[in-house]
Amino acid sequence: MCDTETGKMRELVLHGEKETEDFGLRLAESLLPGDVLALIGDLGTGKTTLTKAIAKGLGVTETITSPTFTIVNEYHSGRIPLYHFDAYRLADEDEAFSRGVEEYLYADGVAVIEWADIIAGLLPDDTKYIFMSYGEQEDERIYKCSF
């Protein structure tokens, strides 16, 4: 899915929202029920933009909004349910567990988790990771993928 090998991580350099959307659409084609996608990166690196593209690729028709205050938004209109998490406001894994996050990680949908590093200990072993960072140019983003 990502272009170049760098050790165990594969690296992709994206320029602008169009390339991010194209990547998300292609990624969505490969996702299966039970997949967990962990997005890790600073503010503004494109976590929500990528999630919107994945949702579009899954056929989700609802408007995708950031679940910053609700922790999870559920979308059931696509070919697979999408569970969109924002772990930013969670204090730790214990709080995530008490809010029932773990149930979604083993459900019949695709879980996309922004700020997944906050709850890393709860994530399944086969979680797909994307580490997102700024590139050298203003609209450039570097994605390092575990898959």
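Quick notes on the rules
- The numbers attached to residues start from 1 for each chain and follow its sequence in the written order.
- It should be noted that, the model being predicted, local features are given only for residues of pLDDT at least 70 and side-chain atom pairs only at 80 or more, the latter also being counted only at that level, while totals for whole chains, interfaces and linings use all residues.
- Computation of side-chain values covers all heavy atoms of the structure but excludes hydrogens and water.
- Only runs of H or I of at least four residues qualify as helices and only runs of E of at least two qualify as strands under DSSP, and these elements are numbered from the N terminus.
- Relative accessibility under 20% of the residue-type maximum defines a buried residue, over 50% an exposed one, and the middle range a partly exposed one, all with a 1.4 Å probe and only protein chains included.
- Contacts: residue pairs with any heavy atoms within 4.5 Å of one another.
- Side-chain atoms alone can form a polar contact between residues adjacent in sequence; in general such a contact is a pair of N or O atoms within 3.5 Å, and within protein one must be able to donate a hydrogen while the other accepts it.
- We score Asp and Glu as negative and Lys and Arg as positive, and we do not count His or the chain ends.
- Salt bridges are identified by distance alone: a Lys or Arg side-chain nitrogen within 4 Å of an Asp or Glu carboxyl oxygen.

**Here we look at unusual backbone geometry**
Item 1. With phi around 75°, Ile 71 is a residue other than glycine that occupies positive phi space.
Item 2. Mapping Ile 71 onto the fold places it in the loop between helix H2 (47–58) and strand S4 (72–75).
Item 3. Although it is not a glycine, Trp 115 adopts a positive phi angle of roughly 65°.
Item 4. Within the secondary structure, Trp 115 is located in the loop between strand S6 (110–114) and strand S7 (128–134).
Item 5. Judged by relative accessible area, Trp 115 falls into the buried class, the value being 13%.

**Describing the environment of Glu 62**
Item 1. Here Glu 62 lies in the loop between H2 and S4.
Item 2. Judged by its relative accessible area of 35%, Glu 62 is partly exposed.
Item 3. Sequence-wise, Glu 62 and His 84 are 22 residues apart; in three dimensions their C-alpha atoms are separated by 12 Å.
Item 4. Excluding anything up to four places from it in sequence, Glu 62 contacts Tyr 75, His 76 and Ser 77.
Item 5. Within the structure, the side chain of Glu 62 is placed 2.4 Å from the side chain of Ser 77, a separation counted as a polar contact.

**As for the side chain of Asp 86**
Item 1. Considering the arrangement of structural elements, one finds Asp 86 in strand S5 (residues 82–86).
Item 2. For the buried Asp 86, which has no salt bridge, the nearest side chain bearing the opposite charge is Arg 89, at an N-O separation of 7.1 Å.
Item 3. At 2.9 Å, the side chain of Asp 86 and the side chain of Thr 68 are in polar contact.
Item 4. There is a polar contact of 2.9 Å between the side chain of Asp 86 and the backbone nitrogen of Tyr 88.

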